[in-house]
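Understanding the architecture of this molecule
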Amino acid sequence: MPEYKPIEYTPPSFSGSEMRQRARAFYEHMSQRRSVRDFSDDNVPQELIELAIAAASTSPSGANRQPWHFVAISNPTTKRQIRVAAEAEERESYLGGRMSPEWIDALAPLGTDWQKPFLEVAPWLVVIFEESYGIDTDGSRRKNYYVKESVGMACGFFIAALHNMGLAALTHTPSPMGFLSDILGRPENEKPYVLIPIGYPASNCLVPDVQRKPLADVAEWV
Ligand code: IYR
């Protein structure tokens, strides 16, 4: 059995007033994040995407298995293939009755439909795959734990990192997403989790007028 061999940890530390200042600044910065569907085609350097993936990969995960894999796409032909396949699925969902009327109703204030031009316009698409199980060097299967929770947290870190560097993103889940495994040639132990188009907002970018719930509605003090 592998041993527990802990090492010392020196966390970043701040004074009380620095903590308050940082807490407020972080909250205010995060408040400005919006999901964007209307991208400019301006280029984004690969280095920025690499740093966002590195930040995402610092997320906690079940048994520290880090059960995620990021595929970053900038190739226009691959982006086109993804758009065509995603729109075929989304068309069926929106217009072919796969989404319930109640669901369509819930999305109405967001202004979404089956058309996904951002899949071609945004300079990067990053598809995050969850590793349902790992594969050891000898080819044997290795169990992963809390895969969805772990990958969800990594995606949260990813989106925060992108926003922090001034990039816009969308958490997009064309449904079903199996076509992403085929187009990107991913192995059997990986399942698409979410597709994140990344870039700058278009100069005339509009977003839905949504509000965040007030603290009193999302928190309880006992
Ligand atoms: N996958 C569709 C539908 C959709 C579903 C939810 I829940 C959203 O918050 C937004 C959209 C689409 O991407 O349009």
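As a starting point, this report considers the structure included with it. Nothing here was measured: the structure is a model prediction, and the numbers come from that model.

Turning to the sheet that holds strand S1 (residues 68–73), a few remarks are in order. In any sheet, the strands associate via hydrogen bonds between backbone groups, in a parallel or an antiparallel arrangement. With antiparallel pairing, the four strands of this open sheet are ordered in space as S1-S2-S6-S5. Two strands close off the open sheet at either side, each with one partner strand: S1 and strand S5 (168–169). One ladder, built from six bridges, connects S1 with strand S2 (residues 124–131); its direction is antiparallel. Bridge assignment links histidine 69 to a residue of S2, and that residue is phenylalanine 129. Of the strands in this sheet, S1, S2 and strand S6 (190–199) are in contact with helix H3 (residues 76–95), which crosses S1 at around 110°.

Moving on to the pairing of S2. With eight of eight residues buried, S2 lies mostly within the body of the structure. Here S2 shows two buried faces, one formed by Trp124, Val126, Ile128 and Glu130 and the other by Leu125, Val127, Phe129 and Glu131. As paired elements, S2 and S6 share eight bridges and run antiparallel to each other. Looking at the pairing, leucine 125 lines up with proline 197 of S6.

Next up on the list: the pattern of salt bridges. Inspection of the entire model under this criterion finds nine salt bridges. Arginine 83 is the salt-bridge partner of glutamate 87, the closest N and O atoms lying 3.0 Å from each other. You can see glutamate 87 and its partner arginine 83 sitting in helix H3, four residues apart, about one turn around the helix. A relative accessible area of 12% means that glutamate 87 is categorised as buried. Residue glutamate 120 is joined to arginine 83 by a salt bridge in which the shortest nitrogen-to-oxygen separation is 2.8 Å. One end of the pair, glutamate 120, is in helix H5 (residues 118–121); the other, arginine 83, is in helix H3, with 37 residues separating them in the sequence. Judged by relative accessible area, arginine 83 falls into the buried class, the value being 19%. Ionic contacts of the salt-bridge type, sharing partners, join the residues Arg80, Arg83, Glu87 and Glu120 into one network.

Before going further, it helps to examine helix H2 (residues 46–56). Along H2, the residues that are buried comprise Ile49, Ala52, Ile53 and Ala56. Taken end-on, H2 shows its buried residues confined to a sector of 100°, consistent with a single buried face. Check the buried side of H2 and you find it contacts S1, S2, helix H6 (147–164) and S6.

Scoring rules and cut-offs
- Residues numbered from 1 in each chain as written.
- Predicted model: local features only at pLDDT ≥ 70, side-chain atom pairs only at ≥ 80, totals over all residues.
- Heavy atoms only, no water.
- Pairing = 2+ DSSP bridges.
- Helix = DSSP H or I, 4+ residues; strand = E, 2+ residues; numbered from the N terminus.
- Contact = heavy atoms within 4.5 Å.
- Axes fitted to C-alpha atoms, helices over the stretch in contact; angles between N-to-C directions.
- Buried < 20%, exposed > 50% of the residue type's maximum accessible area, 1.4 Å probe, protein only.
- Salt bridge = Lys/Arg side-chain N within 4 Å of Asp/Glu carboxyl O.
- Arc of directions from axis to C-beta.

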